[in-house]
There are 2 protein chains.
Amino acid sequence: MEELNIQASTHAYSIVIGEGIRNQITDYFTNSYSSIWVITDENVAKLYLGDVLETLSDFHAHHTILPAGEQTKSIDYYNQLMTEAIAYGLDRHSLLIALGGGVIGDLAGFVAATYMRGIDYIQMPTTILAHDSSVGGKVAINHPLGKNLIGSFYAPQGVFYDMETLITLNDREIRSGYAELVKEALISDEAIYRSILTTNLQNLPPSITQEHICSGIQIKAQVVEQDEKENGMRQYLNLGHTLGHALEAHLGYGSIAHGEAVAIGLLFALHVSESVFDTTLPFLQLKQWLETNHYPLHSLTGDQQTILAKMKNDKKNKQHRIQMVLLEQVGKPIIKQMTDEDMLSYLSSFKRKLVNK
Amino acid sequence: MEELNIQASTHAYSIVIGEGIRNQITDYFTNSYSSIWVITDENVAKLYLGDVLETLSDFHAHHTILPAGEQTKSIDYYNQLMTEAIAYGLDRHSLLIALGGGVIGDLAGFVAATYMRGIDYIQMPTTILAHDSSVGGKVAINHPLGKNLIGSFYAPQGVFYDMETLITLNDREIRSGYAELVKEALISDEAIYRSILTTNLQNLPPSITQEHICSGIQIKAQVVEQDEKENGMRQYLNLGHTLGHALEAHLGYGSIAHGEAVAIGLLFALHVSESVFDTTLPFLQLKQWLETNHYPLHSLTGDQQTILAKMKNDKKNKQHRIQMVLLEQVGKPIIKQMTDEDMLSYLSSFKRKLVNK
Ligand SMILES: NC(=O)c1ccc[n+]([C@@H]2O[C@H](COP(=O)([O-])OP(=O)(O)OC[C@H]3O[C@@H](n4cnc5c(N)ncnc54)[C@H](O)[C@@H]3O)[C@@H](O)[C@H]2O)c1
Ligand SMILES: NC(=O)c1ccc[n+]([C@@H]2O[C@H](COP(=O)([O-])OP(=O)(O)OC[C@H]3O[C@@H](n4cnc5c(N)ncnc54)[C@H](O)[C@@H]3O)[C@@H](O)[C@H]2O)c1
Ligand SMILES: [Zn+2]
Ligand SMILES: [Zn+2]
């Protein structure tokens with residue numbers, strides 16, 4: 001069991017990581033609650049909702065099971081959840097629990113942030129990727145024209161991360177989550193980066209995963225404590241996301257896992273960085289690791305103009321110019337404003353480099 | 001010209017009150033902006049949008065004109081505004097201006113709070129009532145099952161209040177706004193309360209209105225500085241609102257002005273307070289003033305059970321028990337938890353007292 005503390009601008013909260021935490025969450029409640037509402041998706045419900053509801057048996061607990069997948073992070077489900085909250089009679093002293101991956105965490109977190117102007121909530125991440133989404137208080141839903149365009153900064157009361165739940169993840173979700181761990185390592189820590197690149201995702205000892213997740217969370221926690229509202233260094237966490245988000249939008253949300261798209265974006269960021277800083281970065285090594293672990297590198301389809309247009313919808317842009325996170329070296333991120341011409345040319349040289357053996 | 005400063009938890013901002021402010025707002029901008037987006041309603045657009053856009057002629061300014069009325073504070077218009085924001089290419093460095101009454105302020109404020117996790121916005125109130133809604137950072141939209149159930153705390157970058165715009169308000173809106181001024185006076189200041197009750201709303205010198213508005217804002221500002229998130233004394237500002245909100249929901253949003261409903265709620269609060277504290281409050285005097293000024297006191301229709309059910313949807317309730325703001329005396333508010341039986345009996349005795357001459 002590991003415990004980390006985060007100081008958000010509104011309050012401090014703990015992140016508890018270990019095996020079987022789902023059966024002990026009530027030990028960590030910091031307030032008394034009039035009622036509890038667990039939001040989860042259909043896959044997670046089958047596996048872990050029963051355990052969680054049992055743990056909550058002393059409380060007045062409601063639950064809602066949503067379809068799994070990125071499409072659920074929509075204004076329609078948001079609205080439906082609001083209606084349910086009112087129907088359940090939830091008040092300002094209710095607690096919401098987001099049990100699931102980043103989709104449930106982001107959506108349920110945004111419901112918590114805006115139901116009656118904000119109620120308490122707890123993140124119970126059940127995917128590797130959600131080590132990232134559950135920490136730092138970013139919550140959001142998608143708009144048909146762009147991901148996460150509607151949302152808030154709203155810190156949870158706690159993050160309870162049960163490593164046992166990760167056993168049921170399929171390969172795609174493991175890949176997806178590991179891409180964000182690679183990202184965190186790339187922006188801050190060459191040693192962890194090297195440790196990840198020596199693992200094979202098909203054969204992962206749980207203790208190693210917990211180690212990687214703990215480092216990832218530590219990196220993320222440090223960054224968001226220093227820049228909660230993303231005015232400065234928090235932007236480094238967007239490494240790989242300029243192209244990643246564009247690709248997700250282009251292919252249709254859900255047809256590629258978030259982290260799979262980010263993985264391609266990370267490789268692109270290395271490619272651009274090598275050229276901008278006229279340096280050598282571990283592009284080939286990362287490409288190889290991604291291939292070995294079956295990341296769908298062939299998914300980068302669509303002509304450059306279409307992809308560029310999607311990139312320009314990104315929230316991080318300033319005055320319609322793309323802001324990209326690049327690496328001067330591993331552990332040394334930097335933000336660069338890019339011209340459209342450069343982006344187009346990097347995209348096409350990147351595509352060529354992807355198909356080269 | 002009067003200027004007040006408010007310290008919100010996230011930042012400080014000014015409230016500027018005076019004649020012709022709509023032509024000078026750019027003097028008060030605290031940041032440089034990539035673009036500006038003015039949101040207003042059809043009535044206000046006809047009267048004042050031209051002036052504001054002219055003032056913004058050096059900026060890249062967009063505008064959106066919405067239908068007037070409480071129905072506009074809906075998730076559908078919220079969603080439509082998000083789509084427009086994206087279509088206009090607004091980024092995190094854009095400024096949103098809410099030009100209008102409380103409906104525009106609440107809706108546009110909630111858009112600002114949640115577009116890309118929050119962009120800067122400015123309140124330009126154009127109704128008397130909006131002296132209340134524009135200060136304090138509460139923003140929200142309605143849900144079909146209850147008012148303001150979806151929202152945030154999100155402070156503006158400034159409030160620019162042009163007294164000249166109030167000249168075009170009709171009687172109903174003047175009544176509506178004055179109800180909140182009466183409320184603020186009742187919870188904190190007997191002298192202002194007496195000053196208001198000696199004015200006739202049909203014949204209001206602008207200088208007197210400005211004075212009342214400034215006192216109202218001062219009272220509100222003091223309260224929200226001490227309790228921004230409404231955990232304590234900010235609840236006093238809900239005096240009159242338990243019944244007021246229920247009545248609005250019961251009659252259908254928009255069929256009675258917010259402040260008109262609150263006025264009936266204020267009278268009800270005096271009625272309940274007299275009985276609970278076994279004391280005499282200026283019930284009859286307020287009733288008379290409301291009658292003289294044509295407040296629709298006859299609108300309290302519907303059987304007690306229906307009204308009670310609506311009251312129980314209120315955000316301020318705890319565990320399904322109604323929390324009501326009462327007055328031990330003028331200037332001395334207090335929160336009481338009420339039983340359903342008591343509420344039903346107070347409602348019926350209040351109705352009898354309303355029809356008595
Ligand atoms: N808020 C943030 O800071 C932040 C950061 C990164 C990503 N995100 C968001 O996170 C989302 C992606 O998160 P995700 O990858 O966890 O997606 P997800 O929530 O859709 O989960 C992926 C799939 O795994 C299933 N699943 C979840 N837990 C499982 C378990 N223990 N066993 C078996 N199956 C399980 C889910 O049902 C789903 O089908 C995206 O919407 C992204 O925008 C947010
Ligand atoms: N956020 C808060 O703290 C808070 C506090 C109190 C009330 N409110 C909200 O405020 C809303 C009511 O505000 P409102 O009464 O200003 O309603 P409103 O915005 O609907 O304005 C009332 C009417 O006056 C018109 N109008 C506005 N300015 C005008 C002008 N200068 N001249 C002529 N006509 C003008 C509008 O078009 C509208 O028809 C409610 O939704 C209520 O919930 C919010
Ligand atoms: Zn991500
Ligand atoms: Zn009000």
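Residues numbered from 1 in each chain as written. Chains lettered and ligands numbered in written order. Predicted model: local features only at pLDDT ≥ 70, side-chain atom pairs only at ≥ 80, totals over all residues. Heavy atoms only, no water.

Attention shifts here to the overall build of chain A. Secondary structure assignment for chain A yields 12 helices and 11 strands. A compact globule built from 357 residues would reach a C-alpha radius of gyration of about 21 Å, and chain A, at 20 Å, matches this within 12%. Here the C-alpha coordinates of chain A stretch approximately 60 × 40 × 35 Å along the principal axes. Among the 357 residues that make up chain A, the fraction classed as buried is 62%. In chain A, the share of contacts with a sequence separation of at least 24, taken over all contacts with a separation of at least 6, comes to 75%. Carbon and sulfur atoms make up 47% of the accessible area of chain A, which amounts to about 13100 Å² in all. Taking the 27 positively charged and 40 negatively charged side chains of chain A as two groups, their mean positions are separated by 9 Å. (Helix = DSSP H or I, 4+ residues; strand = E, 2+ residues; numbered from the N terminus. Rg over C-alpha atoms; globule rule 2.2 N^0.38 Å. Buried < 20%, exposed > 50% of the residue type's maximum accessible area, 1.4 Å probe, protein only. Contact = heavy atoms within 4.5 Å. Areas by Shrake-Rupley, 256 points an atom, 1.4 Å probe, with all protein chains shown as cover. Lys, Arg positive; Asp, Glu negative; His and termini not counted. Charge placed at Lys NZ, Arg CZ, Asp CG, Glu CD.)

Moving on, we come to helix H9 (residues 258–276) of chain B. All names here are of chain B. Here H9 contains 19 residues, and its C-alpha end-to-end distance of 26 Å stays within 8% of the 27 Å for a straight helix at 1.5 Å per residue. Across the 19 residues that make up H9, a large majority, 17, are buried. Looking one or two residues past H9, Asp278 carries a phi angle of roughly 45 degrees, positive in sign. (Expected span 1.5 Å × (residues − 1).)

As a further point, take the side chain of Glu248(B). Residues and elements named next belong to chain B. In this structure, Glu248 sits in helix H8 (residues 241–251). A polar contact is formed between the side chain of Glu248 and the side chain of His258, at a distance of 2.9 Å. Apart from residues no more than four positions distant in its own chain, Glu248 is found in contact with Lys147, Tyr253, Ile256, His258 and Ala261. (Polar contact = N/O pair within 3.5 Å; in protein donor to acceptor, adjacent residues only side chain to side chain.)

Here we come to the site of ligand 2. All names here are of chain B. Not every one of the 27 residues close to ligand 2 is listed here, only the nearest: Asp41, Glu70, Thr126, Thr127 and Thr168. Asp106 places a side-chain nitrogen or oxygen 2.9 Å from a nitrogen atom of ligand 2. Between ligand 2 and Thr168 there is a distance of 2.7 Å, counted from a nitrogen atom to a side-chain nitrogen or oxygen. If ligand 2 stood free it would expose 860 Å²; the protein chains cover 91% of that surface. It is helix H1 (residues 42–55) that provides the largest number of residues to the shell around ligand 2, a total of four residues. Looking at which domains feed residues into the shell around ligand 2, each of domain 1 (2–166) and domain 2 (178–355) gives three or more. (Near = heavy atom within 4 Å. Domains from an automatic or database assignment.)

Our next topic: the site of ligand 1. All names here are of chain A. With respect to spatial proximity, 27 residues lie near ligand 1, and among them Asp41, Glu70, Thr126, Thr127 and Thr168 are the closest. Val103 places a polar main-chain atom, nitrogen or oxygen, 3.1 Å from an oxygen atom of ligand 1. Contact distances for ligand 1 include 2.7 Å between a nitrogen atom and a side-chain N or O atom of Thr168. For ligand 1, the protein covers 91% of the area, taking 860 Å² as the surface of the free molecule. Secondary structure elements with two or more residues in the shell around ligand 1: helix H1 (42–55), helix H3 (102–114), helix H4 (130–133), strand S8 (146–153) and helix H5 (171–188). No other element matches the four residues that H1 contributes to the shell around ligand 1. A per-class count over the shell around ligand 1 returns seven nonpolar, 10 polar and 10 charged. The residues that make up the shell around ligand 1 include at least three from each of domain 1 (2–166) and domain 2 (178–355). (Nonpolar A, V, L, I, M, F, W, Y, C, P; charged D, E, K, R; others polar.)

Here the focus is the relation of the copies chain A and chain B. For the pair chain A and chain B, the relating rotation is 180 degrees, the translation along its axis is 0.0 Å, and the fit reaches an RMSD of 0.0 Å. Read as a symmetry element, the transformation amounts to a two-fold axis. (Least-squares fit on C-alpha atoms with pLDDT ≥ 70 in both.)

In this section: the coordination of the zinc ion (ligand 4). All names here are of chain B. For the zinc ion (ligand 4), the protein coordination sphere consists of Glu180 (OE), His241 (NE2) and His258 (NE2), at 1.9 to 2.1 Å. Going along the chain, you hit the donors of the zinc ion (ligand 4) in the pattern E-x60-H-x16-H. With His241 in helix H8 and His258 in helix H9, this pair connects stretches of sequence that are 17 residues apart. Each member of the pair, His241 together with His258, is buried. (Donors = N, O, S within 2.8 Å, 3.2 Å for Na, K, Ca; no water.)

The subject of this paragraph is the environment of Leu286(A). All names here are of chain A. Note on placement: Leu286 falls in helix H10 (residues 283–292). For Leu286 and Ser299, which are 13 residues apart along the polypeptide, the C-alpha to C-alpha distance reads 17 Å. Every residue in contact with Leu286, bar those within four places of it in the chain, is listed here: Val182, Tyr193, Leu197, Leu266, Leu267 and Leu270.

This brings us to the environment of Val44(B). Residues and elements named next belong to chain B. Here Val44 is to be found in helix H1. Distance from Val44 to Ile65, taken between C-alpha atoms, is 8.9 Å for residues 21 residues apart in sequence. Each residue touching Val44, except ones within four places of it in the same chain, is listed here: Leu49, Leu99, Gly100 and Thr126.

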